[in-house]
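# Report on the structure
Residue-level listing of the chains:
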Amino acid sequence: MEEMMERAAAKINLSLDALYVHRDGLHEWEMVMACVDLHDTLHLTPRSDGQIYVSTDSVFLPEDGRNLAYQAARLLQQRYAPEQGVTIDIEKHIPVSAGMGGGSADAAAVLRALNRLWHLGLDRRTLAALGLTLDSDVPFCVYSETALVTGRGEIVTPLGATPDCWVVIAKPPVPVSTPQILSVATTPAALPHPDTQRVIAGIRQHDLPLMAGGMGNALETISEEKIPEIRRIRQKMGQFGAITAQMTGTGPTVFGIAATRSRAQRIYNGLRGFVPEVYVVRPLKHQEKEVKAE
């Protein structure tokens, strides 16, 4: 029986800005997001009995309908392939509850893989639109490339490859409640705002200092008040030579940008005794056209 492997790449927010809050309580976002070469690996095997099963090597993830990968498979099955089934095995490498989009990346990987495995013939725009019904990060994860993400997460404008750099990722062993953080961010005008246009210009001009100079996360100060470790990690990354360091998503993970592998290794070595989960990675490189999930 045919088996398919699909990688699900972790994401980081080079910039994250909350512009305003809609009447339904959802935020209007302006973000520059990138994928890095830290990824989960999914193995999908078709089933003839119409059942969907998910297994994972992480004790922190559910294997039932609460799992976004399961929800993605069920969504495609119900809309396009009611007779089809699948077994999904997930090798977790992306930290869980880290602000790195691990669950969304897994869901997006399932959408891409089942589109091929079940011969559905859907384009990425359609897959992204479907993904938006699962989580606001799924449309970006369907594309898995550096992009400007706006609206409620549904408008994805690829920007091309980032300037050459290395990324050091550190996740402290503390939980963050995304709904709790967003419930505090009800007046976006009062939050600090990154210079997203400068980040975009740096990417398009392949200018690392220009890109880094505009980076920022509007939610960082809120999360730091609840988790002081975020600020301490950022400061330590700066002490060890990061060009810039900031939180991704709503945290608690922090990443630092380095121009060279040797500098990234120095930051990594400096953090290893301070944070249990530290990674050295690089941004993925892709170039595509704009898509809007409607």
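Residues numbered from 1 in each chain as written. Predicted model: local features only at pLDDT ≥ 70, side-chain atom pairs only at ≥ 80, totals over all residues. Heavy atoms only, no water.

## Details of the packing of aromatic side chains
Scanning all chains against the criterion turns up 0 aromatic pairs. Directly above the aromatic system of F274 lies the positively charged group of K236, at a separation of 5.0 Å from the ring centroid. In this arrangement the basic side chain of R282 is found over the ring face of W166, its NZ or CZ atom lying 4.2 Å from the centre. (Phe/Tyr/Trp six-rings, centres within 6.5 Å; stacked < 30°, edge-to-face > 60°. Lys NZ or Arg CZ within 6 Å of the ring centre and 35° of its normal.)

## A closer look at the nonpolar core
With 98 residues, the main nonpolar core has L14 and M237 as its most contacted residues. For this core, the element with the highest residue contribution is strand β2 (residues 27-47), accounting for 10 residues. In this structure L14 touches V32, A34, T162, V199, I203, M211, M215, G216, Q246 and F255, once residues within four positions along its chain are discounted. (Core = buried A, V, L, I, M, F, W, Y, C linked by side-chain atoms within 4.5 Å. Buried < 20%, exposed > 50% of the residue type's maximum accessible area, 1.4 Å probe, protein only. Helix = DSSP H or I, 4+ residues; strand = E, 2+ residues; numbered from the N terminus. Contact = heavy atoms within 4.5 Å.)

## Considering the environment of M5
Along the chain, M5 falls in strand β1 (residues 4-21). Taking the C-alpha atoms as reference points, M5 and A218, separated by 213 residues in sequence, lie 36 Å from one another. Residues contacting M5, with those up to four places away along its chain left out, are T41, L42, H43 and R116.

## Here we look at the pattern of salt bridges
Counting across every chain of the model gives 12 salt bridges. One salt bridge in this structure joins R112 and E6, with 2.8 Å as the shortest N-O distance. Pair noted here: R112 is in helix α2 (residues 102-117) and E6 is in strand β1, with a separation of 106 residues, a long-range link. In this pair, the class of R112 matches that of E6, namely buried. (Salt bridge = Lys/Arg side-chain N within 4 Å of Asp/Glu carboxyl O.)

## A few points about the sheet that holds strand β9 (residues 244-247)
Overall, antiparallel pairing links the 4 strands, which are arranged β9-β10-β7-β11 in an open sheet. Two strands lie at the open edges of the sheet, namely β9 and β11 (277-281), each paired on one side alone. Here the strands of the sheet are splayed against their neighbours by 20° on average, with no regard to which way each runs. Packed onto the sheet, helix α9 (residues 229-239) meets β7 (166-171), β9 and β10 (254-258) and runs at close to 10° relative to β10. In the packing of helix α10 (residues 261-271) onto the sheet, contacts are made with β7, β10 and β11, and the angle to β7 comes to roughly 10°. (Pairing = 2+ DSSP bridges. Axes fitted to C-alpha atoms, helices over the stretch in contact; angles between N-to-C directions.)

## What about the packing of helix α1 (residues 68-80) against α2?
At their nearest, the axes of α1 and α2 sit 7 Å apart, and the two run at 30° to each other. Taken together, the axis directions place α1 and α2 in an arrangement best described as roughly parallel. The two elements α1 and α2 meet at a crossing, and its hand is right-handed. Facing α1, whose interface residues are L68, A69, A72, A73 and L76, α2 presents G103, S104, D106, A107, V110, L111, L114 and N115. In terms of residue class, the contact of α1 with α2 is built from 9 nonpolar, 3 polar and 1 charged. (Parallel < 35°, antiparallel > 145°, perpendicular 65-115°, else oblique. Left-handed = near helix turned anticlockwise from the far one by under 90°. Nonpolar A, V, L, I, M, F, W, Y, C, P; charged D, E, K, R; others polar.)

## A closer look at the side chain of T56
Examined against the element boundaries, T56 turns out to sit in strand β3 (residues 52-56). Residue T56 is classed as buried on the basis of its relative accessible area, which comes to 14%. Here S58 takes part through its backbone nitrogen, which lies 3.1 Å from a polar atom of the side chain of T56. One polar contact links the side chain of T56 to the main-chain carbonyl oxygen of I90, over a distance of 3.5 Å. Excluding residues within four positions of it along the chain, T56 makes contact with L61, E63, I90 and K92. (Polar contact = N/O pair within 3.5 Å; in protein donor to acceptor, adjacent residues only side chain to side chain.)

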